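Residue strings, one per chain:
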Amino acid sequence: MLQRRHDDLVRCPNAIDIRRAIRNREIARIHHPQINVQRLPKLSRTPRPRLRTSLTGRKRPTLPDPMHALFILAPILVQTAHRGLVPRVKHRHTKRPQKITHSISPAQFFLCGPRRYKIHRSRQVHPRPPEQTTHALHYTGSARAGEESLASQPPIHYTIQPMNPSAEQTPVTPRSVDYAQWYLDVIKRAELAEHSPVRGCMVIRPHGYAIWEKMQRELDDRFKATGHVNAYFPMFIPLSFLAREEQHAAGFAKECAVVTHYRLKSQNGEVVVDPDSKLEEPLVVRPTSETIIWAQYKNWIQSYRDLPLLINQWANVVRWEMRTRLFLRTTEFLWQEGHTAHATAEEAIEEARRMLDVYADFAENVMAVPVIKGCKTPGERFAGAVETYCIEGMMQDGKALQMGTSHYLGQNFAKSADVTFLNRQGQREYVYATSWGVSTRLIGALIMTHSDDNGLVLPPKLAPIHVVIVPIFKTDTEKSRTLEEAGRVAAELRAQGLTVKLDDRDGIMPGAKFYEWEAKGVPLRIEIGPKDLDQGSLCLVRRFLIEQPGESAADQRKRRKQFLPRAEALASVRPLLETMQRELLERARALRAARSRIINSLAEFEEFFRGDTPGFAWVHWAGSPEQEEEFGKRFETSIRCIPFPDQIPPAAQGPGTCLLTGQPSSQRVLMARAY
RNA sequence: CGGGACGUAGCGCAGCUUGGCUAGCGCGCUUGGUUCGGGACCAAGAGGUCGCGGGUUCAAAUCCCGCCGUCCCGACCA
């Protein structure tokens, strides 16, 4: 038996799967309660003679390193385990396989169950300082006591890494460990986007873009339904245009990309900017399009009969941000910007409010993200706006995210672009304006509101794929039968207007497919295997459930899965999707409620935001803008909005006194940390 | 722009302190076989200007200098 083991090991000279290598000795079953501990000493003795001969015999130089490692470590493993030092160890979830930041004993890595590790001999002779061992654990062979043959040997260090990290290749860091990293991991695993070679810019991958397309469709339909039409304006804005509206220009001055030349040339084999091609007037890459659009509106508007002018454009814009995060804040992003012109202030304000309602409706009914509508404080107002309205959502970590804004611009842009009209009374008057926009940031909101430690969770209304079908089979005949049935099921679901993906890829285990589609947020999975063919059933698995307290991950997995008679299963897909859409909103509402507090004192405020579960604070505020800024810096919070009265929870209604100054305040505002 | 870290195969990383074997490992990829109801295994392969430039040396991924780039933490902002 030992010989066989030896041969096994030699055949894979570069890495050893310890569990496999010693599986037959039952060491791997140590963590099972029924293991007979009495057998362990015997087992632990077995490798020793081998070790000695290996080290002293002439075969030693050719002995594969990992094998060497195994035979040195095996006794330690067994002994440690035998002494009961580490009876049962669960693998702690780490970000990357190599980055095991906590100390792990040989017995730990050996016993950690489904994951395997390789031992890799390091050329390194000296131990590293502890802080440098974060990516790998080095273990000294000489640590083994009482082995004379090793005493004269120089210490040998081993790098211990998880083996077969296919399971961990792109793991999702749990939210509880590092929320920011979790967010990035979800994006990566779901293949939504990635960093591009250009700093601060992202590549939106097909799956991420498909979500954006769904959002576009929903929003565009709503814009059309409220009388808007689409148009397109150029990406380049002459510098002088931007400068026309003073506040606006000042607001964006620090984050503009500027085009100054229009030609390149070859110079000494290098491509360089041709200095002779300098533009007379630099062009600003639009950070937003008010100025260039209003320059055009001047030609389009003469009379009240031309109003209202209701135009939207889908475009990209560039804002040169210092720090960026995928989807939430990137240098270039995709968005939609509506720009409307009206004859009266009332009408324009009504338009701005109407579009905010459209956004809120979209957020809640399509994205399943509850939002609070309100006004921005003057300090947070859009540069050049008279009033900025916004919708604010709460992410799972309790931080607020501005998900859309709508501005009443008054006559500011009409004045700067000199856009006037003759009203019914024949008087010349400046036009009243609005603008409003939402961006790919919404995808960030979607991720941070619903997703979990398994990856993306999508509301069915925005899922590019509603149902994924995974066929399961052993033999060729089973394969053709299941695929045939899967094709039929797919066709029937498509006939219901659903988007269905049949994952018939070869050579990938069904389990791997399950994980992949879960990470991508597909709401429903149908498994079709031989059992189903025989019984006329289908296995329906939903992406998420409302968590029940005390429920384990395994229990939840079980509860997500149901075998149903074929017809019943097919009929239940649509209702199930609708249920899930509803439950996502409910769950998000419940989280927001749990993380919202009515706060009346400074001490309470401080305690709320110092604690583990900060969120939305409903407070009375009557401070000055300077106090607002200082207060915000002190607690890293900001006034997210001055909510519309109907947005304030009943218990928080009514006047009170400012928690900082004690001045009277007519209503509460929403304070939170924000993205 | 200030502080910190990093740059080695498509991805994740070892190797560098103390220069020298043919630059390795895992994943992924290719081919063949066995598998398949929660991340399969075996075998054989393909894949690298070690960020760029210069210097020291018989010899540089490793030491020195310069540059470029990326990420993180601040100031700024949606």
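Refer to the structure printed above.
Per chain, residue numbering runs from 1 following the sequence as it is written. Each chain takes a letter, starting from A, and each ligand takes a number, starting from 1, following the order in which they are written. Confidence filtering applies because this is a predicted model: local features only for residues at pLDDT of at least 70, side-chain atom pairs given and counted only at 80 or more, and all residues used for totals across whole chains, interfaces and linings. With hydrogens and water stripped out, all remaining heavy atoms of the structure feed into the side-chain values.

A.B. asks: Can you walk me through the nonpolar core in this structure?
C.D. replies: Across soluble globular proteins, nonpolar side chains show a tendency to be buried alongside one another. Grouping buried Ala, Val, Leu, Ile, Met, Phe, Trp, Tyr and Cys residues that are joined through side-chain atoms within 4.5 Å yields what is termed a nonpolar core. Exposure categories follow from relative accessible area, calculated using a 1.4 Å probe and restricted to protein chains: below 20% of the type maximum is buried, above 50% is exposed, and the middle band is partly exposed. The biggest cluster of nonpolar side chains holds 56 residues, and the ones touching the most others in it are Met215, Phe327, Met367, Met403 and Ile447. Only runs of H or I of at least four residues qualify as helices and only runs of E of at least two qualify as strands under DSSP, and these elements are numbered from the N terminus. The set of elements that each furnish at least two residues to this core consists of helix H8 (179-189), helix H9 (206-225), helix H13 (345-365), strand E14 (371-375), strand E15 (387-394), strand E16 (400-410), strand E19 (432-439) and helix H15 (441-450). If one sorts the elements of this core by residue count, H13 sits on top with ten residues. The contact criterion used is simple: two residues touch if any of their non-hydrogen atoms lie within 4.5 Å. In this structure, Met403 is in contact with Ala363, Met367, Val369, Val371, Ile391, Gly393, Val438, Leu442 and Ala445, ignoring residues within four places of it in sequence. Counting residues in each nonpolar core, the second largest holds 29 residues, with Ile293, Trp294, Ala343 and Phe382 among its members.

A.B. asks: Please clarify how the pattern of salt bridges should be interpreted in this entry.
C.D. replies: Side chains bearing opposite charge may pair, as long as their charged atoms lie close to each other. Whenever a carboxyl oxygen of Asp or Glu lies within 4 Å of a side-chain nitrogen of Lys or Arg, that contact is scored as a salt bridge. Applying the stated criterion across every chain yields a total of 39 salt bridges. In this structure, the salt-bridge partner of Arg205 is Glu194, at a minimum N-O distance of 3.5 Å. Separated by eleven residues along the polypeptide, Arg205 in the loop between strand E5 (202-204) and H9 and Glu194 in strand E4 (residues 193-195) bring together distant segments of the chain. The partly exposed category is assigned to Arg205, whose relative accessible area is 26%. The exposure class of Glu194 is partly exposed, given its relative accessible area of 37%. Ionic pairing is found between Arg525 and Glu527, a salt bridge with its closest N-O pair at 3.0 Å. Each member of the pair, Arg525 together with Glu527, is buried. Here the salt bridges share partners, and the residues they tie into one network are Glu484, Glu485, Arg488, Glu492 and Arg566.

A.B. asks: Which parts of the structure should I look at to understand the sheet that holds strand E8 (residues 258-261)?
C.D. replies: As a general point, the strands of a sheet are linked pairwise by backbone hydrogen bonds and lie either parallel or antiparallel. Strands pair, by our definition, only if DSSP identifies at least two bridges between them. In space, the three strands of this open sheet follow the order E7-E11-E8, with antiparallel pairing throughout. Both outer strands of the open sheet, strand E7 (236-238) and E8, are each paired with one neighbouring strand and no more. Strand-to-strand, the axes of this sheet are offset by a mean angle of 40°, without reference to chain direction. Bridging between E7 and strand E11 (residues 278-285) involves three bridges; their strand directions are antiparallel. Directly across from Phe236, in E11, lies its bridge partner Val285. Axis definition: a line fitted to C-alpha atoms, over the contacting stretch in the case of helices. Angles run 0 to 180 degrees between N-to-C directions.

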